[in-house]
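Close look at the chain arrangement
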Amino acid sequence: MKYPYFPGCTLYTKAKKLDDAGRECSLKLGFELEELPDWTCCGATFPLVNDQHITMSGPTRILADTKDQGNDKLVTLCSVCFNVLKRTNNVMLNDEERRAKITDFIERDYHGEVEVLHYLQLLRDEIGFETLKEKVVKPLTGLKVACYYGCLLLRPVKEIGLDVMENPTIFEDFIRALGGEPVEFPYKVECCGAFQAVHSMDTATRCSRDILRSAKNNGADVVITTCPLCQFNLDDRQPEIQKSDTAFSSIPVVYFTQLLALALDLSADDLGFERNLIDPLPLLKEKGIVA
Amino acid sequence: MKTVISRSQVKGDFVNKVAEISGENFFDCYQCGNCSAGCPSVDEMDLLPSQVVRYLQLGLEEEVKNCKSMWVCAACMMCHARCPKGVDISKIMESLRVLRLREVGAEAHIDVTDFSEEYLARAPQIAMISGYRKFLPL
Amino acid sequence: MGEIVELTGLKDGEPVTCACALGDLSDFESVPVDRRVMVIGGGITGITSAIDLGNAGYQVMLVDRLPSVGGRMLQLSETFPTLDCAQCTLTPRTVESGQHPKVTLKTSCEVEELKGEPGDYRVRIRQKVTYVDWNKCTGCGTCIQKCPSQGVSLFERDAGRMTAIYTLSPQAVPNKPLIDVDRCRYLQLGKCGVCAKSCPVGAIDYEQEESFFEAQVGAIIVATGFDIYDWKNKMPEYGGGQITDVIDGLTMERYLSASGPTAGAVVRPSDGKVVKEIVFIQCVGSRNPEFHKSYCSRVCCMYTAKHARLYKHKVHDGQVYVFYIDIRSTGKGYEQFIQQSVSEEEIVYVRGRAARIYQEGEKIIVQGSDTLSGRKIEIAADMVVVAAAMVPNEGAQELADILGIKCNDDGFFLEDNYKLSPIETGGDGIYIAGCCQGIKDIADSSAQGSAAASKVQVFLSSVRRQNQEAV
Ligand SMILES: Cc1cc2nc3c(=O)[nH]c(=O)nc-3n(C[C@H](O)[C@H](O)[C@H](O)COP(=O)(O)OP(=O)(O)OC[C@H]3O[C@@H](n4cnc5c(N)ncnc54)[C@H](O)[C@@H]3O)c2cc1C
Ligand code: SF4
Ligand code: SF4
Ligand code: SF4
Ligand code: SF4
């Protein structure tokens, strides 16, 4: 089974490992991510004002290309791309006026025919967590995982529809399928500070601190995420957090596909853990997940 | 701190424009404060998200235009996710931002040179792109 | 008048046998149909209607699906605005309803079917199984003392436990026990039988089956009251019922009640420690058109102030915080009650909603805001009480369908005209009163109970006049 796939800029470069692992795991799970030819950046922000259409032209073109190549689905790994594409698609589907403006401008015919899927959704709804469980070679036994959703994978709930807002479970179910132990922590749907990382650093640091503290207080060994921006904030802010809170001890933050790859017995050497500021390898070795 | 308000102020051009491009009716808000209670950015804000809406209800244009809150909003949509009246403050904040950024001679709100090269080398593209979109004049 | 309907297994005029001690309908049937009234729901509203009608010389059948009457008010500790003991005020009335020569109690009963017409209704009632022959039972309580099976109490809510054979409360009217099938070891596993062995009069009957009877009445009053919104399942942001020390207002009543499981001590459900920092959250699930109920539940502002005050009477050095949006205190003396509570007990009213609650170690973190000071507020509390929305009782819609009355979007029974005929339902002979029509306090509930009783009298006297004219 092949699924058209939109990697996005960050997964082509700085989050290459989120992408690599995702693609390799798919092969092990019996499906293939087929990269869209000639894709462009999704724009990384969905316009939150009514009179700004131009930023939607990029994602609309991506969606129209997907459709024109005979596809009705498009898979993403990055929460940001997922959110932007999904919300843009909703506009194409439901807002006649804005759709007309944008499609006229890019000279394409598109009416929201493509269903935008997140990789996790694909695992849950198309592959099935039961099947995934059967394919696991090296279960993540004894690994306590804080499943961090953040904002864009979930909100706005009515538009995204991946899971409920206050207490989603898709991520925990995923970790359970891999044999790991999800820990409940109250900050799992809170914001990491997002793009304030390039503006109000204090916001990003404080938000990350609250999330990480909450994960640790509830016994987590590691935090997982689907988003390169969350991964960056949560990982990179840790030295700064330590400056103001000496009691804070670090915790690794990895992509969900990296743990998936380990459970499917792909080599840790190929997973790019060297990019992480807080190295997850000592933990993974201690837990016997990585030799 | 006496403020005189009037019909022309409550229905002022700026306020109307914010309502128009955000698509939100400020008068849906009954000031319950739930948005502020869950907002991750309040520590850096000068007006709570609910106060931004309150000021818009009163037509306090200058105060809203110059508030810091719009710039530290992370567009996390938590406010909207919990608002009992369905008000989407992430849209209101963005409207305030873009109206400022569209002004003639608008200032940039980020400067790449503020960040170390090392930092920029690690920051993902999505951070930079969304940062540019949120903080640079259009 | 309407044709006589035959219900299965029951011939018209045949004496009715039923498991209930008060099963004898001869008194009830001793008067013509146009002097008989059924009241469905035995809370303060229904009891008021029943006693009023009884005193006016009507024969009343008071039907409640629970084993005893009293409704929610029996669960309350003290009541605003006067802070008198709920049980002390209500028990004389429940007892009166049980002893009134003109009132026949039919508890553990539910309405199954309605036939006939205004002035001559035939109501088929299902008498649920109690596994105790109430004709034999003397109400001595030995069985309850001996029963080894315990579980969460229906009456005490999360605050207390009850045995498998139980009465709802110590002052239950009628004071006869029944067995909860799900918890009874004998009925589940075939082993135990302790109650049967201990009963001095052999009243326990594990083989009992449900029975049906028909009541012929001229008019019906519906007073089925309210329930608490299912906040535990619907509001994960408040812990989704997973945080033991987050309770709702009705459970708080049991903690505050001198006759409750803690004898009035306000302690944490989790570890029994005295609560020193307590947070109340108002409008939980109310006034929230986007996700929950759009209406205001009307009494929670008042009972929250009452809870805060009663708590301070027990824990003098405790601190109370109340998250509120607006204070609704429009009854007589209510505003004064609020103001007095705030100043005397130095309650901190925080003006804003609480967005979420979570457990951190022993404490419960409440994140809210205070729109008056413009601050996001965080409180580490020992216990949190949510003033959860009040909703129509479960089964209200089904009952409405049976009786041919309408419900509004929120499930409250729809009155004919909210302002001019709030008790009428559109059709003659069926009236609504109390919280089933819309949330209200005890004062308004009893007023409506009496109003319904007088409406019934007006209606039945016109029926009588017509009947006489026909003769
Ligand atoms: C926490 C809390 C505190 C309160 N404190 C106060 C206070 O201090 N002062 C005050 O004035 N008010 C107070 N109230 C409000 C008060 O409880 C109500 O006004 C009152 O109980 C309403 O009485 P009712 O008879 O209409 O309903 P209920 O008390 O709910 O009685 C309804 C009866 O109908 C029965 N019933 C339901 N459905 C059926 C059916 N299908 N068939 C047969 N029977 C049925 C039920 O078993 C019940 O016995 C408080 C409420 C709450 C939740
Ligand atoms: S949560 Fe909604 S209604 Fe409440 S103050 Fe914020 S915007 Fe207004
Ligand atoms: S979208 Fe902005 S205002 Fe709303 S909760 Fe997030 S940071 Fe606060
Ligand atoms: S022991 Fe028998 S008589 Fe006594 S309360 Fe129980 S059932 Fe009734
Ligand atoms: S009575 Fe008070 S607490 Fe209850 S819903 Fe209305 S305003 Fe809220």
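Residues numbered from 1 in each chain as written. Chains lettered and ligands numbered in written order. Predicted model: local features only at pLDDT ≥ 70, side-chain atom pairs only at ≥ 80, totals over all residues. Heavy atoms only, no water.

Some details on the overall build of chain B
Helices and strands together make up the secondary structure of chain B, namely 10 helices and 0 strands. In chain B, the succession of helices and strands from N to C terminus is α-α-α-α-α-α-α-α-α-α. On C-alpha atoms alone, chain B measures out to a radius of gyration of 16 Å, which is about the 14 Å that the 2.2 N^0.38 rule sets for 138 residues. The burial tally for chain B puts 57% of its 138 residues in the buried class. Element-wise, carbon and sulfur atoms account for 51% of the exposed surface of chain B, whose accessible area totals about 6000 Å². Between the mean site of the 16 positive side-chain charges and the mean site of the 18 negative ones, chain B shows a separation of 8 Å. (Helix = DSSP H or I, 4+ residues; strand = E, 2+ residues; numbered from the N terminus. Rg over C-alpha atoms; globule rule 2.2 N^0.38 Å. Buried < 20%, exposed > 50% of the residue type's maximum accessible area, 1.4 Å probe, protein only. Areas by Shrake-Rupley, 256 points an atom, 1.4 Å probe, with all protein chains shown as cover. Lys, Arg positive; Asp, Glu negative; His and termini not counted. Charge placed at Lys NZ, Arg CZ, Asp CG, Glu CD.)

Topic: the overall build of chain A
When its secondary structure is counted, chain A shows 14 helices and 8 strands. Against the compact-globule benchmark of 19 Å for 291 residues, chain A has a radius of gyration of 19 Å, which places it among compact chains. Projected onto its principal axes, the C-alpha positions of chain A cover 55 × 45 × 30 Å. Residue burial in chain A is summarised as follows: out of 291 residues, 64% are buried. In chain A, 75% of the contacts between residues at least 6 apart in sequence involve partners at least 24 apart. Total accessible area on chain A is roughly 10400 Å²; 47% of this is exposed by carbon and sulfur atoms. Side-chain charges of chain A comprise 33 positive and 44 negative groups, with the mean position of each set lying 3 Å from the other. (Contact = heavy atoms within 4.5 Å.)

A closer look at the domain arrangement of chain A
Residues and elements named next belong to chain A. We note that the domain assignment places domain 1 (2-119) and domain 2 (128-286) within chain A. Centre-to-centre separation of domain 1 and domain 2, based on C-alpha positions: 24 Å. Listed per partner, the contact involves 23 residues of domain 1 and 25 residues of domain 2. Interface of domain 1 and domain 2: buried area, both sides summed, is about 2200 Å²; carbon and sulfur atoms make up 70% of it. Looking only at domain 1, the three residues that lose the most surface to domain 2 are Lys 17, Lys 28 and Leu 29, adding up to 23% of its buried area. At the boundary of domain 1 and domain 2, one finds 1 salt bridge. Arg 87 serves as the salt-bridge partner of Glu 159, at 3.2 Å between the closest nitrogen and oxygen. Run the count over domain 1 and domain 2 and you get 8 residue pairs in polar contact (both at pLDDT 80 or more). Counting only elements with at least two residues in the side of domain 1 that touches domain 2, the list comes to α1 (9-12), α2 (16-28) and α4 (79-94). For the side of domain 1 that touches domain 2, the residue count by class is 11 nonpolar, 6 polar and 6 charged. (Domains from an automatic or database assignment. Buried area = accessible area lost by both parts, 1.4 Å probe. Salt bridge = Lys/Arg side-chain N within 4 Å of Asp/Glu carboxyl O. Polar contact = N/O pair within 3.5 Å; in protein donor to acceptor, adjacent residues only side chain to side chain. Nonpolar A, V, L, I, M, F, W, Y, C, P; charged D, E, K, R; others polar.)

A closer look at the site of ligand 4
Close contacts around ligand 4 come from 14 residues, with Cys 137, Cys 140, Gly 141, Cys 143 and Cys 199 of chain C the closest. Of the residues assigned to the shell around ligand 4, the class counts are 10 nonpolar, 4 polar and no charged. (Near = heavy atom within 4 Å.)

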